[in-house]
Amino acid sequence: MGTFFQTVEKAQSTRNWVLVDAADKVVGRLASEVAGLLRGKHKAEYTPHVDTGDFVVVINAAKVKFTGGKDGKKIYYKHTEFVGGMKTKTAGQMLASKPEDVIKLAVSGMLPKSALGKQQISKLKIYATEHPHKAQQPKAKQ
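In short, a report on the structure. Just so it is clear, the model here is predicted, and its values are computed rather than measured. (Residues numbered from 1 in each chain as written. Predicted model: local features only at pLDDT ≥ 70, side-chain atom pairs only at ≥ 80, totals over all residues. Heavy atoms only, no water.)

1. Digging into the pairing of strand S2 (residues 55–59)
Across a regular strand the side chains alternate sides, sitting on one face of the sheet and then on the other. We apply this condition: Accessible area is worked out with a 1.4 Å probe on protein chains only. A residue is then buried under 20% of its type maximum, exposed over 50%, and partly exposed in between. To qualify as a helix, a DSSP run of H or I must reach at least 4 residues; to qualify as a strand, a run of E must reach at least 2; elements of each kind are numbered from the N terminus. Strand pairing follows a simple DSSP-based rule, namely that at least 2 bridges must link the two strands. Handedness of a crossover: with both strands directed away from the viewer, a clockwise path from the first strand across the helix to the second marks it as right-handed.
In terms of burial, S2 is a largely internal element, four of the five residues being buried. Pairing between strand S1 (residues 17–21) and S2: five bridges, direction parallel. Each bridged residue has a counterpart across the sheet, and for Val 20 the counterpart in S2 is Val 58. Regarding topology, helix H2 (residues 27–39) serves as the crossover connection from S1 to the parallel S2, and that connection is right-handed. Both S2 and strand S5 (residues 124–126) contribute to a ladder of three bridges, which runs parallel.

2. What to know about the nonpolar core
Here is the rule: Side-chain atoms within 4.5 Å link the members of a nonpolar core, which is a set of buried Ala, Val, Leu, Ile, Met, Phe, Trp, Tyr and Cys residues. Contacts are assigned to residue pairs with any non-hydrogen atoms lying within 4.5 Å of each other.
Core analysis: the biggest nonpolar cluster contains 26 residues, and Val 34, Val 56, Val 58, Ile 103, Val 107 and Leu 124 have the highest contact counts within it. Within the residue set of this core, elements represented by two or more residues are S1, H2, S2, helix H4 (91–97), helix H5 (99–108) and S5. Among the elements that take part in this core, H2 stands out by supplying seven residues, more than any other. Filtering out sequence-adjacent residues up to four positions away, Val 34 remains in contact with Val 56, Val 58, Val 107 and Leu 124.

Spelled out as structure tokens, the structure:
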């Protein structure tokens, strides 16, 4: 019996929509759970080089938590590409201004740094409160 490898054509037909509530969850643990869903590691037909993951809708992104005092210690960096253009924000400031970016940066750090990773992160939908994907009927993650 040989090793099973998922083909790209069959992987497109098995997409589900998963709803994840981020209220009162720790950012890193939430990100690892979401990254596994995006990669498709929860499926029996998981193949590392094929995008077999599901669409993931994260709601209540503004209610996530940081542990260990990371609200004031963890720093997010951005550079404007001009001389002296380094901009910094603490985790607490990022959570107050752009809570969606906090989760997106955490999840994207756990995905492959390739075209496959870009394809997988495009299936992640993050919202601070409610989501507009009712027509897709996402199933809640236990």
